[in-house]
Amino acid sequence: MIRNQLDYFMYLTYTENDAIATIVFSRPKALNALCTAMLTELKALLEEIQHSETIKVVILTGEGKAFIAGADIAEMKGKTESEAMDFSKLGHSVMNLIENMPQPVIGALNGFTLGGGLEVALSCSFLLASDTARFSAPEVNLGLIPGFGGSQRLVRAIGLNNARYYLYTASMFNAEEAFRMGLIQGIFPGEELMDKAREIAKLIASKGPTAIKSLAPVINSGLSDGFEKGCETEQQMFASLFNSEAQEGMDAFLEKRKPRW
Ligand code: CAA
């Protein structure tokens, strides 16, 4: 069980069940706005989870009516250029960590998913949302642009012109629009969202564990280093699985039984 020091965390709540870790952003009075302390707590927790042998899937969600309503505007106000650079670097390091976790990270978007909150969502492996979720990249309303990778990941997630439209206009869009653009993979009534997220997490946890852990490095290799490098990484990972659980997976198929990973 990952824990102990979590007792000192202020802005996150954490549970672990059936190999599934659930992290809840728990600062509802400020709509879970991302302050430096929350980012730091999230980073420390994910750094521990990524080395866990027992946790197979991570779910991120928010308490109250927001997933995350963006970076903490009250904290950002008054930052100098170099302080803003430090804040952006911290945000980028946390988003990169989420994106590169060996365990898949499911974003269960329970409400407002705005600005830095949208950037957290964009770093997840895939997204489920409640029918009340609302999305936007509202930074230009504040005279800002995204600071945690949103300008890059939104383009990849919803396409160039959709991303430019929402970045330039700061318009808010709903879950159906997010689904239509391929940003989210499912929409559920709010009260069913977490059950659905856990059901999908359990499904993933039943698959070949080393294969599941191989997917993020393979996918991200192509995204960061290009198609050819991604294909090269895929070949290496594919072949290396023959030295581990793939033999059992294929035996189980041929013997018409469930695999024993
Ligand atoms: N930072 C700090 N506090 C925030 C916040 C944020 N991003 N979002 C909401 N809050 C606070 C509000 O100030 C308010 O606090 P008080 O009760 O102390 O006044 C509380 O949360 C509740 O918010 P509202 O009263 O505004 O709730 P609402 O239901 O009327 O409106 C909302 C909801 C439309 C989400 C509105 O709160 C809002 O527009 N929030 C700001 C969204 C935003 O601009 N996010 C982007 C931040 S910039 C960023 O994220 C940069 C980056 O890429 C790193």
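Residues numbered from 1 in each chain as written. Predicted model: local features only at pLDDT ≥ 70, side-chain atom pairs only at ≥ 80, totals over all residues. Heavy atoms only, no water.

## Section: the site of the ligand
Rules: For this description, a residue counts as near a given molecule or strand if any of its non-hydrogen atoms is within 4 Å of it. Throughout this description, a polar contact denotes any pair of N or O atoms lying within 3.5 Å of each other; where both atoms belong to protein, one of them has to be capable of donating a hydrogen while the other can accept it, and for residues adjacent in sequence the pair is counted only when both atoms sit in side chains. Throughout, the Shrake-Rupley method with a 1.4 Å probe supplies accessible areas, and for residues the shown protein chains are the sole cover considered.
Residues in close proximity to the ligand total 22 residues, the closest being K65, A71, I73, G116 and E119. Interatomic distance of 2.7 Å between a side-chain N/O atom of K65 and an oxygen atom of the ligand. Here an oxygen atom of the ligand sits 3.0 Å away from a polar atom, N or O, in the side chain of E139. Starting from 980 Å² of accessible surface for the ligand in isolation, the protein chains cover 61%.

## Focus: helix α6 (residues 160-169)
Residues spaced three or four apart along an α-helix point in a common direction, a consequence of the helix completing one turn every 3.6 residues. Definition in use: Partly exposed residues are those whose accessible area sits between 20% and 50% of the maximum for their type, while under 20% is buried and over 50% is exposed, using a 1.4 Å probe and protein chains only. Here a helix means four or more residues in a row that DSSP labels H or I, a strand means two or more in a row labelled E, and each is numbered from the N terminus. Think of the arc as the fan of directions from the helix axis to the C-beta atoms.
All of the buried residues along α6 are A163, Y166 and L167. Here the buried residues of α6 occupy an arc of 100 degrees about the axis, which is enough to place them on one side. Among the exposed residues of α6, those oriented more than 90 degrees off its buried face are N161 and Y168. One or two residues past the end of α6 sits A170, with phi positive at roughly 60 degrees.

## Structural notes on the packing of helix α9 (residues 209-225) against helix α10 (residues 227-240)
Heads up, the condition is: What counts as an axis is a line fitted to C-alpha atoms, over the stretch in contact for a helix, and the angles between N-to-C directions run from 0 to 180 degrees. Any angle that falls under 35 degrees is termed roughly parallel, while one over 145 is termed roughly antiparallel, one within 65 to 115 roughly perpendicular, and all others oblique. Note: crossing handedness is left-handed where the near helix turns anticlockwise from the far helix by less than a right angle, and right-handed where it turns clockwise. Any pair of residues with heavy atoms lying within 4.5 Å of one another is described as a contacting pair. Here the term charged refers only to Asp, Glu, Lys and Arg, the term nonpolar to Ala, Val, Leu, Ile, Met, Phe, Trp, Tyr, Cys and Pro, and the term polar to all other amino acids, Gly among them.
The contact between α9 and α10 brings their axes to 6 Å, and the two run at 160 degrees. Here α9 lies roughly antiparallel to α10, going by the angle between them. Regarding α9 and α10, the two cross each other, and that crossing is right-handed. In contact with S214, P217, V218, S221, G222 and D225 of α9, α10 contributes F227, K229, G230, T233, E234 and M237. Tallied by class, the residues present in the contact of α9 with α10 amount to four nonpolar, five polar and three charged.

## Quick notes on a nonpolar patch on the surface
The test is simple: Patch construction takes residues with relative accessible area above 30% that form no salt bridge. Like charges are linked within 9 Å, and nonpolar side chains (Val, Leu, Ile, Met, Phe, Trp, Tyr) are linked within 5 Å. Salt bridges are identified by distance alone: a Lys or Arg side-chain nitrogen within 4 Å of an Asp or Glu carboxyl oxygen.
A surface patch of nonpolar side chains, about 260 Å² in accessible area, is lined by I73, L142 and L144. Using a relative accessible area of 47% as the deciding quantity, one classes I73 as partly exposed.

## Section: a negative patch on the surface
Defined as follows: Positive charges are assigned to Lys and Arg, negative charges to Asp and Glu, while His and the chain termini are left out of the count. Just so you know, the charge point we use is NZ for Lys, CZ for Arg, CG for Asp and CD for Glu.
Taken together, the side chains of D131, E176, E191 and E192 define an acidic patch exposed on the protein surface. Among the structural elements, E176 can be located in helix α7 (residues 175-180).

## Re the domain arrangement of the chain
Here is the rule: For each domain, the first and last residues come from an automatic or database assignment. A quick way to say it: buried area is the sum, across both parts, of accessible area lost when two parts are put together, with a 1.4 Å probe.
Along its sequence, the chain is carved into domain 1 (5-205) and domain 2 (209-254). Taking only C-alpha atoms, the centre of domain 1 and the centre of domain 2 are 26 Å apart. The interface of domain 1 with domain 2 comprises nine residues on the first partner and five residues on the second. Across the domain 1/domain 2 interface, buried area totals approximately 640 Å², and carbon plus sulfur atoms make up 53% of it. Counting across the interface, domain 1 meets domain 2 through three residue pairs in polar contact (both at pLDDT 80 or more). Its residues assigned to classes, the side of domain 1 that touches domain 2 shows four nonpolar, two polar and three charged.

## With respect to the sheet that holds strand β1 (residues 12-17)
Filter applied, for reference: For two strands to be treated as a pair, DSSP must find no fewer than two bridges joining them.
Strand order in this open sheet of six strands is β1-β2-β3-β5-β7-β10, and the pairing throughout is mixed. The open sheet has two edge strands with one neighbour each: β1 and β10 (186-188). Neighbour-to-neighbour, the strand axes of the sheet open up by a mean angle of 20 degrees, direction not taken into account. Pairing of strand β7 (residues 126-130) with β10 involves three bridges; the strand directions are parallel. Within the sheet, the bridge partner assigned to S130 lies in β10 and is F188.

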